[in-house]
Amino acid sequence: MAASGAVEPGPPGAAVAPSPAPAPPPAPDHLFRPISAEDEEQQPTEIESLCMNCYCNGMTRLLLTKIPFFREIIVSSFSCEHCGWNNTEIQSAGRIQDQGVRYTLSVRALEDMNREVVKTDSAATRIPELDFEIPAFSQKGALTTVEGLITRAISGLEQDQPARRANKDATAERIDEFIVKLKELKQVASPFTLIIDDPSGNSFVENPHAPQKDDALVITHYNRTRQQEEMLGLQEEAPAEKPEEEDLRNEVLQFNTNCPECNAPAQTNMKLVQIPHFKEVIIMATNCENCGHRTNEVKSGGAVEPLGTRITLHITDASDMTRDLLKSETCSVEIPELEFELGMAVLGGKFTTLEGLPKDIRELVTKNPFTLGDSSNPGQTEGLQEFSQKMDQIIEGNMKAHFIMDDPAGNSYLQNVYAPEDDPEMKVERYKRTFDQNEELGLNDMKTEGYEAGLAPQR
């Protein structure tokens, strides 16, 4: 059966023939057969129906067919031999889909005008180049082609033109000019875009290259809005009442503690922060008003990851130093160019920038009285001064270096400025922890399953 062009809208005829006796349903493959003119067994079902124009009996024909690479549809056609009135439309044989669908077709050649199109009642059609739109539920569903959609739109615009011209309506001339533009589209004098947006997800535009990708056709699935759900008559389930949970992300918690320096009463601030493309962390800061001591610490808001993480960043520019950085207590830091390695638990957990951590490392080295003080070795002093100078060059972006963070717990993070794309200068590796690493993290003796059985004999 060939796809038709323009279709006259109208209500379907009401069937008056008595219902046949119920019979066992045939197999689905025999009900919905692929649409084909060569299939002689594929014949429409004819039902005598009442014509809603002259109220005589006409004939309704139903064809249950399957669109290749799409789904099953029902094509219905009514014609009345008494008054000549006819009506053709399609209906989806399935349910409303879980998501809406939007087809964006770039029409570049006359061959594109022959693409088959399934347009349901709920689909809206747009041609952005002409600022033209056919709203949803303004036309009946149709099995047609791209050319048929445009022809149908032209017929709808021409329908009331004689009356407008007789009344000398100013819009008649503008509509005539617009009809000329639509007719030019059928010749594909210049490329244009056809968009079919169907919240029910049951519309379809043919891909002549199927199952291969069609470069001219973009298919987008999306979640329906509340207004679209109401337009389709879908009733949303009433959300179950949940007890109100306190949202800690927008609140800074405070609790009393003692200063680690002077043991005076102080307050510690704690806040839950969501790091983009990573996880939640807890930032804790203590400020002592008595001695002025300040400290901050970062804790992971989640569990130990199944795999360890090794992050390697090639520092090539000063802009790299502005990347956000989260170093957990279990993370070690290495800079191969300086032959430097910072062990686990040194400097504790920190949430800072890539510039801030090298500064903390430099301060840790230079403020040690046994390394640069009066009792230090002269040779060692020169080496540490050279180390400090190279660290300054890295911070200022004058020296290229590799910055490596190795965290067996997988709770450290270095910002990817290209996210969600891959960062060409950064490599993130996931690895399986060794027995010694699990031992250091205390995971070898941790038993989370079946521990009740081990405790039962002791009761």
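Per chain, residues are indexed from 1 in the order of the written sequence. Owing to the predicted nature of the model, reporting of local features is limited to residues with pLDDT of at least 70; listing and counting of side-chain atom pairs is limited to 80 or more, with chain, interface and lining totals taken over all residues. Side-chain numbers come from the whole structure's heavy atoms, not from hydrogens or water.

1. Observations regarding the confidence of the model for the protein
Right, so step 1: Confidence of the predictor at the level of single residues is captured by pLDDT, which takes values from 0 to 100. This prediction gives the protein a mean pLDDT of 78; 78% of its residues lie at or above 70.
Right, so step 2: Any pair of residues with heavy atoms lying within 4.5 Å of one another is described as a contacting pair. A low-confidence stretch, residues 1-29 (pLDDT under 50), is modelled with 48 contacts involving residues beyond four sequence positions or located in other chains.

2. Some points on the pattern of salt bridges
Right, so step 1: Salt-bridge detection follows one rule: a side-chain nitrogen of Lys or Arg within 4 Å of a carboxyl oxygen of Asp or Glu. Tallied over the full model, the rule gives 14 salt bridges.
Right, so step 2: Two residues, Arg 310 and Glu 429, come together in a salt bridge whose shortest N-O distance is 3.8 Å. Of this pair, Arg 310 sits in strand E19 (residues 308-315) while Glu 429 sits in strand E26 (residues 426-431), and the two are 119 residues apart along the sequence.
Right, so step 3: Note on Glu 429: relative accessible area 30%, which makes it partly exposed.
Right, so step 4: A salt bridge links Asp 423 to Arg 323, with the shortest nitrogen-to-oxygen separation between them at 2.6 Å. Of this pair, Asp 423 sits in the loop between strand E25 (413-414) and E26 while Arg 323 sits in the loop between E19 and strand E20 (324-327), placing them 100 residues apart in sequence. To qualify as a helix, a DSSP run of H or I must reach at least 4 residues; to qualify as a strand, a run of E must reach at least 2; elements of each kind are numbered from the N terminus. Relative accessibility thresholds used throughout: buried, under 20% of the residue-type maximum; exposed, over 50%; partly exposed, between the two (1.4 Å probe, protein chains only).

3. Remarks on the side chain of Asn 202
Right, so step 1: Its place among the elements puts Asn 202 in the loop between strand E12 (192-198) and strand E13 (204-205).
Right, so step 2: Polar contact criterion, stated in full: a pair of N or O atoms within 3.5 Å, where within protein one must be able to donate a hydrogen and the other to accept it, and residues adjacent in sequence count only if both atoms are side-chain atoms. There is a polar contact of 3.1 Å between the side chain of Asn 202 and the side chain of Gln 97.

4. Things to note about unusual backbone geometry
Right, so step 1: Phi is positive for Phe 137, close to 65°, though the residue is something other than glycine.
Right, so step 2: Mapping Phe 137 onto the fold places it in the loop between strand E10 (132-134) and strand E11 (142-145).
Right, so step 3: Backbone geometry places Glu 339, a non-glycine residue, at a positive phi of 50°.
Right, so step 4: In this structure, Glu 339 sits in the loop between strand E21 (332-335) and strand E22 (340-342).

5. Some points on helix H4 (residues 170-186)
Right, so step 1: For H4, the set of buried residues is Ala 172, Ile 175, Phe 178, Ile 179, Leu 182 and Leu 185. The arc that holds every buried residue of H4, seen down its axis, measures 125°, which confines them to one face. The exposed residues of H4 that point more than 90 degrees off its buried face are Ala 170, Glu 173 and Arg 174.
Right, so step 2: Buried residues along H4 sit against strand E9 (124-127), E10, helix H2 (146-158), helix H3 (161-166) and E12.
Right, so step 3: Of the residues flanking the start of H4, the one acting as N-cap is Asp 169, its side-chain oxygen 3.1 Å from the backbone nitrogen of Thr 171.
Right, so step 4: Directly after H4, the chain includes Val 188, whose backbone phi takes a positive value near 50°. To be clear, the arc concerns the directions from the helix axis to the C-beta atoms.

6. Side note on the sheet that holds E9
Right, so step 1: Two strands make a pair as long as DSSP finds a minimum of two bridges between them. Read across the open sheet, the five strands follow the order E10-E9-E12-E7-E14; overall the sheet is antiparallel. Two strands bound the open sheet, and with one partner strand each, they are E10 and strand E14 (217-222). Between one strand and the next, the sheet's axes are offset by a mean angle of 15°, whatever the strand orientation.
Right, so step 2: Relative to E12, strand E7 (residues 100-107) is paired through seven bridges, and the arrangement is antiparallel. Each residue of the ladder has a partner; that of Ser 106, found in E12, is Thr 193.
Right, so step 3: Against the sheet, H2 engages E7, E10 and E12, with an angle of about 85° to E12. Interaxial angles span 0 to 180 degrees and are taken between N-to-C directions of axes, which are lines fitted to C-alpha atoms, for helices over the stretch in contact.

7. Some details on the pairing of E12
Residues in a regular strand project their side chains so that they alternate between the two faces of the sheet.
Right, so step 1: In terms of residue burial, E12 counts as a mostly covered element, since seven of its seven residues are buried.
Right, so step 2: Both faces of E12 are covered, namely the face carrying Phe 192, Leu 194, Ile 196 and Asp 198 and the face carrying Thr 193, Ile 195 and Asp 197.
Right, so step 3: As judged from the three bridges shared by E9 and E12, these two strands associate in the antiparallel manner. Counterpart to Thr 125 in the pairing with E12 is Ile 196.

8. Examining the environment of Thr 353
Right, so step 1: By the element assignment, Thr 353 lies in strand E23 (residues 350-353).
Right, so step 2: For the pair Thr 353 and Leu 326, spaced 27 residues apart in sequence, the C-alpha to C-alpha distance is 8.0 Å.
Right, so step 3: Those residues in contact with Thr 353, other than ones at most four positions away along the chain, are Met 321, Thr 322, Arg 323, Asp 324 and Leu 325.

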